[in-house]
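# Architecture at a glance
Here is how the chains run, residue by residue.
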Amino acid sequence: MAPYAPLALFFALLSFLSVLPVLASPFLPLQTEVVYLKKVAASPVTPVDLARRQDDSQPTFPDQPPSCPICAQNFGSIDSCAQAAPVLANFSMIIFNPGAFIDVIKCACADTFQSAYPQCVDCFTQTNQTQFLNSDDLPGVLQGIHNICGIESSLLGGVATADGEVTPTTSLDVPKATGTTSGAASLTSRADRAWVPGSVTNMYSAAKRRRMSFADDVRDFEANTPELEASGKVNVADRFISAPKDHALPLQTTPRTQRIAKVFGLADDRVLKYTDTNVEASTNSFLGRHRFNYYQLLKKPHQVPSTSAEAHLGARKQFVLALDGPGIPSDLFAYPISWSARNSIAVACGRDVYYQNLDTRAISHLFKLPPTRGKLITIEWSPKEPNLLAAGTSNGDMQLWDTETTTQMRRWQEEAFVDVGGMSWCDKVLAVGLGDGIITLYDIRQQDPIGRIESHRDKVHGLRWRHDGNFLASSDQQGVVQVWDARASKNLTADFRYRSKMKHHAPVKALAWCPWKPELLATGAMYPDGKIRIWNINSTPAAAPAGHTIALNTSVTSVLWSPHCKELLSTHGMSWQPRAGASESCPHLPADVGPNSRARRTRERERPQSVKTALTNSLTVHAYPSLRRVVSVPAHTGAVGHSCLSPDGTKVFTICPAEEAMKMWQVWGVAEAGEKKESVFDKCKIR
């Protein structure tokens, strides 16, 4: 290609120099235009012709030739356009400067003009009245009109006529005159190529279309030319297919062509429309009633599953049992209640721990914490050994008690004396989250810790083992959620030690693994995030965003999955209304500099405003994966601190520090055991 590069550059330069005079003054009349217009204006007029024009101000239309009666029908409507038509004789002059001839082009390209003007040419030529057409070169005028209208139709994909008609989809060739003279026949006997307006490539090549395109300065003309309204037709629109446009605009047209089409009022910014603006709405009320009745016949009644919360909590929005709990920790991040596999509920009241067997309603006192060991923060029953109860304090003291013998089996003390956060059991291993961001693992068969996980920088509020014990989820004060793989002893969600791809913009306490889809993890955040996010740990390393997000603008204190249906329960505290200007992450608001500083005033102005909504202090059930709100009931007068699920997975206990009370709710139901259908494999045995 290298030897031909200079030659190509030379031809490109020649082409540029050839069009430079045209581009220099695109809207000024070219020299050829001026010469031609002067020629038309100064054409020699004989005294006979002048006298004829003075005497005969209107043309006559005899019965012969046959073209005269046809011309007489429409000559009154095309008279003014016929006087200006001769300027279209110079075809090469028009295509380089359409701005000066727009009105003439619109007039001459009308269907009525194209059908009547050739008849008038034939009539006036035979009757010697060509002075009424203002041209001595009538064949050139006809050919110029034919060429310019063909190019306009090719560019615009079908032009609206000046008579309010729609351009036909047939060829736009100039109709032949009905006269028999050789002169008139020579005007239209030329056989031109047939043109179909549905395609812009039927008539000319791409290179030739570009050469014949309008000048770029048409944009200036667009700014000063009012848009023309296209006459519309009422079309019938289908339900799924948009109504056909009144003027077809091929999709392969160039942007410049679309701009020109908008000037003529032939195109809209949107090519596809899903509504027909020309069709008015039906006002037939009788038909509307028939449609409604037919819809009612086809409508299926809403069937509520027997396991759904809508059939239980939705039917009876009242608690089943209420218990007092004096001295319950006021911290919403505490875990003062736990439900064992033996249907016993344990409660931390001040420095005392009580538990009640809900079957026998017997209440027992387990132990009392000495004042030197702090306050009780967290208690948790062992799922595998329901007689074991672990308790953690605000001084980092952890104890293991046997409720059958009322004895202390183990006691572990953290050297840093930091407070205890969340706890979670996995068989005989107890994971404990601490205030310094460390997760300590204890085996009840050993006195010393068996492991430490350092993946958080702030206090660990939430901690949950998955049901199979393969993964451990944790959350902290900064909203960071980590998932640790116990089999590989590595973190699944962190690129390095402290960075995680799973994060809220507020402290996270609520964690729950899905029992019927183990890869799902639900997390809930407190103020000011107020969202529930559902993560898929199989895709978290590759895709950071949560699979589902429920924005509630309410503090989420706990979440629980239903083991019987695809529903998720959440308990809530305060609600708020975001103000204008508040960002998604309120901790990133400007810090205080002084009591009257601009930063402090800005923060107070953008701080979300506390409001009371239907979710405030409520117990709410959401459907999965639709995230539809199934039912929501106000649980307490204050914030719900924590909740726990019954052994059969149908009831939920909630606790409120402000009320110092606990309530049991019937939320879900157990699926009825249906008759097992006999299979063909039950009749056959493989030997």
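Structure's up top.
The sections below set out a description of the structure shown in this document. (Residues numbered from 1 in each chain as written. Predicted model: local features only at pLDDT ≥ 70, side-chain atom pairs only at ≥ 80, totals over all residues. Heavy atoms only, no water.)

### Here we look at the overall build of the chain
Across its full length, the chain carries 16 helices and 30 strands. Counting across all 687 residues of the chain, residues that qualify as buried make up 45%. The long-range share in the chain, meaning contacts at least 24 apart out of those at least 6 apart in sequence, stands at 56%. Surface summary for the chain: the accessible area is close to 36,500 Å², and the carbon and sulfur share equals 54%. (Helix = DSSP H or I, 4+ residues; strand = E, 2+ residues; numbered from the N terminus. Buried < 20%, exposed > 50% of the residue type's maximum accessible area, 1.4 Å probe, protein only. Contact = heavy atoms within 4.5 Å. Areas by Shrake-Rupley, 256 points an atom, 1.4 Å probe, with all protein chains shown as cover.)

### What to know about the pattern of salt bridges
Any two side chains of opposite charge can pair if their charged atoms end up close together. Counted by the stated rule, this structure contains eleven salt bridges. Here K459 and D419 are joined by a salt bridge, their closest N and O atoms 2.7 Å apart. Placement of the pair is K459 in the loop between strand 13 (451–454) and strand 14 (460–465) and D419 in the loop between strand 9 (407–413) and strand 10 (420–426), with a sequence separation of 40 residues. By relative accessible area, which is 13% here, K459 ends up buried. A single network of salt bridges, built from pairs that share partners, joins R373, D397 and R411. (Salt bridge = Lys/Arg side-chain N within 4 Å of Asp/Glu carboxyl O.)

### Remarks on the sheet that holds strand 19 (residues 508–513)
Strand order in the open sheet formed by four strands is 19-20-21-22, with antiparallel pairing between adjacent strands. In the strand order of this sheet, the two ends are held by strand 19 and strand 22 (548–551), each with one partner. Taken pair by pair, the neighbouring strands of this sheet meet at an average axis angle of 15°, ignoring direction. When strand 21 (residues 531–536) meets strand 22, the two strands line up antiparallel, connected through four bridges. Across the sheet, I534 pairs through a bridge with H548, a residue of strand 22. (Pairing = 2+ DSSP bridges. Axes fitted to C-alpha atoms, helices over the stretch in contact; angles between N-to-C directions.)

### Observations concerning unusual backbone geometry
Put simply, Q64 and P65 share a cis peptide bond, and its omega is 0°. If you trace the backbone, P65 turns up in the loop between helix 3 (47–55) and helix 4 (67–84). A cis geometry characterises the amide bond from Y624 onward to P625, with omega recorded as 5°. Tracing the chain through its elements places P625 in the loop between strand 26 (618–623) and strand 27 (629–634). A positive phi angle is found at F417, which is not glycine, with a value near 55°. In this model, N617 sits at a positive phi of 55°, which is unusual for a non-glycine residue. Position of N617 relative to the elements: it lies in the loop between strand 25 (609–611) and strand 26. On the accessibility criterion, N617 (11% relative accessible area) is buried.

### Some thoughts on the sheet that holds strand 29 (residues 651–656)
In space, the four strands of this open sheet follow the order 1-30-29-28, with antiparallel pairing throughout. Taken across any chain shown, the strands that pair with only one partner, and hence form the sheet edges, are strand 1 (321–324) and strand 28 (642–645). Pairs of neighbouring strands in the sheet enclose a mean axial angle of 20°, with direction left out of account. Direction of pairing for strand 28 relative to strand 29: antiparallel, over a ladder of four bridges. In the strand pairing of strand 29, S643 is matched with T654.

### Thoughts on the nonpolar core
Of all hydrophobic cores here, the largest spans 27 residues; its most connected members are F75, I78, F113, Y117, F124, L133 and I145. If you list the elements that add at least two residues to this core, you get helix 4, helix 6 (102–108), helix 7 (111–126) and helix 8 (138–156). The element contributing the most residues to this core is helix 7, with seven residues. Residues L313, C565, V630 and W665 belong to the second largest nonpolar core, which totals 17 residues. (Core = buried A, V, L, I, M, F, W, Y, C linked by side-chain atoms within 4.5 Å.)

### Re the packing of aromatic side chains
Within this structure, the stated rule accounts for eleven aromatic pairs. Measuring from centroid to centroid gives 6.0 Å for F319 and W665, while their planes differ by 80°, and the two rings are edge-to-face. Of this pair, F319 sits in the loop between helix 14 (309–312) and strand 1 while W665 sits in strand 30 (residues 661–666), and the two are 346 residues apart along the sequence. Using a relative accessible area of 31% as the deciding quantity, one classes F319 as partly exposed. Joined through ring pairs, the aromatic side chains of W516, W561 and Y624 make up one cluster. Looking at R466, its charged tip hangs above the ring of W513, at a distance of 5.8 Å from the centre. Here the basic side chain of K509 rests over the ring of Y335, its NZ or CZ set 4.8 Å away from the ring centre. (Phe/Tyr/Trp six-rings, centres within 6.5 Å; stacked < 30°, edge-to-face > 60°. Lys NZ or Arg CZ within 6 Å of the ring centre and 35° of its normal.)

### Focus on the packing of helix 4 against helix 7
For any two helices packed against each other, one specifies the crossing angle of their axes together with the interaxial distance. Interhelical geometry of helix 4 versus helix 7 gives an angle of 115° and a closest axis separation of 8 Å. Taken together, helix 4 and helix 7 sit at an angle that is classed as roughly perpendicular. Note on packing geometry: the crossing formed by helix 4 with helix 7 is left-handed. Contacts between helix 4 and helix 7 involve S67, C68, I70, C71, N74, F75, S77, I78, C81 and A82 from the first element and T112, F113, A116, Y117, Q119, C120, D122, C123 and F124 from the second. When the residues that make up the contact of helix 4 with helix 7 are grouped by side-chain class, the tally is 13 nonpolar, five polar and one charged. (Parallel < 35°, antiparallel > 145°, perpendicular 65-115°, else oblique. Left-handed = near helix turned anticlockwise from the far one by under 90°. Nonpolar A, V, L, I, M, F, W, Y, C, P; charged D, E, K, R; others polar.)

### Quick look at the state of the cysteines
The full count for this structure, using the stated rule, is two disulfides. The disulfide bridge from C68 ends at C123, spanning 1.9 Å between sulfur atoms. Classification of the bridge connecting C68 and C123 rests on its S-S torsion, roughly 100°, and on that basis the disulfide is right-handed. You can see C68 sitting in helix 4 and its partner C123 sitting in helix 7, a full 55 residues away along the chain. Two residues, C71 and C120, share a disulfide whose sulfurs are 1.8 Å apart. One quick way to see it: the torsion about the S-S bond of C71 and C120 is about 100°, and its sign makes the bridge right-handed. Of this pair, C71 sits in helix 4 while C120 is found in helix 7, placing the two residues 49 residues apart along the sequence. Across the pair, C120 and C71 agree in class, each one buried. (Disulfide = S-S within 2.5 Å.)

### Quick look at the side chain of Q482
Mapped onto the elements of the fold, Q482 is located in strand 16 (residues 480–485). Among the polar contacts listed, one links the side chain of Q482 to the backbone oxygen of S455, at a separation of 3.2 Å. Reaching out from Q482, the side chain makes a polar contact with the side chain of N491 at a distance of 2.9 Å. (Polar contact = N/O pair within 3.5 Å; in protein donor to acceptor, adjacent residues only side chain to side chain.)

### Overview of helix 7
The first and last C-alpha atoms of helix 7 sit 24 Å apart over 16 residues, in line with the 22 Å expected at 1.5 Å per residue. Extensive coverage of helix 7 is indicated by the burial of 13 of its 16 residues. (Expected span 1.5 Å × (residues − 1).)

Geometric descriptors of this kind do not, in isolation, establish any biological role.
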